[in-house]
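In case you want the letters, here they are:
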Amino acid sequence: MNRFLLLMGSLIFGLCLMAGPVKAGELKINGSTTVLPVTQVVSEAFMEDNPGFNFSISGGGSGRGIAALIDGTTDIAQTSRWIRDSEVKQAVDNGIYPVPFVIAHDSIIPVVHPDNPVDELSLEELRKIYNGDITNWSEVGGPDRRITIISRDSDSGTYVVWGDKVLKGDRMTPRAQMLASNGAIVQAVQDNRHAIGYIGLGYLTDRLKSVKVDGVKPPSTTTASGEYPVSRSLWLITNNWPSGDVLRFINYIQHPGNAELIVEGGYVPIW
């Protein structure tokens, strides 16, 4: 099922070139806070090209976006993880046929306070920090201070990908503070010299220090190539083969001529 959905998502681009301005309308987009900066930037450009068109865009996590698509309360789900088989089954049982479209590439970046001397961690060290085996910064070359562990909550696609690629099946330590958005993690880490968190590439600011993973930095080149070890794709998911305004927006966000909008949103274009 998932291979079929991916094939549909990759084939649909190009079937409908961007036509002229669309009539006034509105699209609802719900889900990942990671994807949120991209859809906000692209929707603003779309509305400039199509005066009178409106968007209702909200975050809350990839799981919530997919749930909203399944129950018919959103036109498009934005997600930073692949849709689960169980979610596909639930959708189909509800008469919804999810079709995913990749719109950008991203890296999940471990971040610390700028005053933290730790510049690099291995995947194994990250795993042990987040499963609770490593509890003090001195164990990884930092000061003799207890590590404050910050994580996304379980509705987040970022949490799911971090669990797959970093924890590798281990349980998250119960000491971790679970926060609902990338923005909340940015705030928590910048306010705590002994904290560590992880965020999408689009949320990295000079208020935080990114930590290399296995010696690899997460700029666009290592993200696009997959060299950075915690890279992923970002998705929009529609109900069935899209048409009308939904199709126009999907084509708009995937169009090579709009790649600079993806960069402006903080991520790496697919083209």
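Above this text sits the structure in question.
Note that the structure is predicted; figures quoted are calculated from it, not measured.

### A closer look at a negative patch on the surface
Then comes step 1: Taken together, the side chains of E44, E48, D49, E260 and E264 present a region of like negative charge at the surface.
Then comes step 2: Those elements that place two or more of their residues in the negative patch are α2 (36-49) and α10 (259-264).
Then comes step 3: Within the secondary structure, E48 is located in helix α2.

### Some thoughts on the nonpolar core
Then comes step 1: Counting 64 residues, the largest nonpolar core has Y130, I196 and F249 as its most contacted members.
Then comes step 2: At 8 residues, the largest contribution of residues to this core is made by strand β4 (residues 98-112).
Then comes step 3: If sequence neighbours within four positions are ignored, F249 has contacts with L27, I29, V42, S43, F46, F55, I76 and L236.
Then comes step 4: Ranked by size, the runner-up nonpolar core spans 9 residues in total, among them L69, A77, I83 and I237.

### Focus on the pattern of salt bridges
Then comes step 1: For the structure shown, the criterion picks out 10 salt bridges.
Then comes step 2: When the shortest N-O distance is used, the salt bridge between D115 and R193 registers 2.4 Å. With D115 in the loop between β4 and β5 (120-121) and R193 in the loop between α7 (182-190) and β8 (195-200), this pair connects stretches of sequence that are 78 residues apart.

The rules behind each value
- Every chain begins its residue count from 1, and numbering advances along the sequence as written.
- In view of the model being predicted, local features appear only for residues whose pLDDT reaches at least 70, and side-chain atom pairs are presented and counted only at 80 or more, with totals across whole chains, interfaces and linings using the full set of residues.
- Note that the side-chain values use all heavy atoms of the structure and ignore hydrogens as well as water.
- Note on patches: the residues involved have over 30% relative accessible area and no salt bridge, like charges join within 9 Å, and the nonpolar side chains Val, Leu, Ile, Met, Phe, Trp and Tyr join within 5 Å.
- Computed with a 1.4 Å probe, the accessible areas rest on the Shrake-Rupley method; for each residue, only the protein chains presented here act as cover.
- Any Lys or Arg side-chain nitrogen located within 4 Å of an Asp or Glu carboxyl oxygen qualifies as a salt bridge.
- His is not counted, nor are the chain ends, whereas Lys and Arg count as positive and Asp and Glu as negative.
- Lys charges are placed at NZ, Arg charges at CZ, Asp charges at CG and Glu charges at CD.
- Helix numbering and strand numbering both begin at the N terminus, where a helix is a DSSP run of H or I of at least 4 residues and a strand a DSSP run of E of at least 2.
- To define a nonpolar core, start from buried Ala, Val, Leu, Ile, Met, Phe, Trp, Tyr and Cys residues and group those joined through side-chain atoms within 4.5 Å.
- Between buried and exposed lies partly exposed: a residue is buried under 20% and exposed over 50% of the maximum accessible area for its type, with that area taken using a 1.4 Å probe on protein chains only.
- Any two residues whose heavy atoms approach within 4.5 Å are treated as being in contact.

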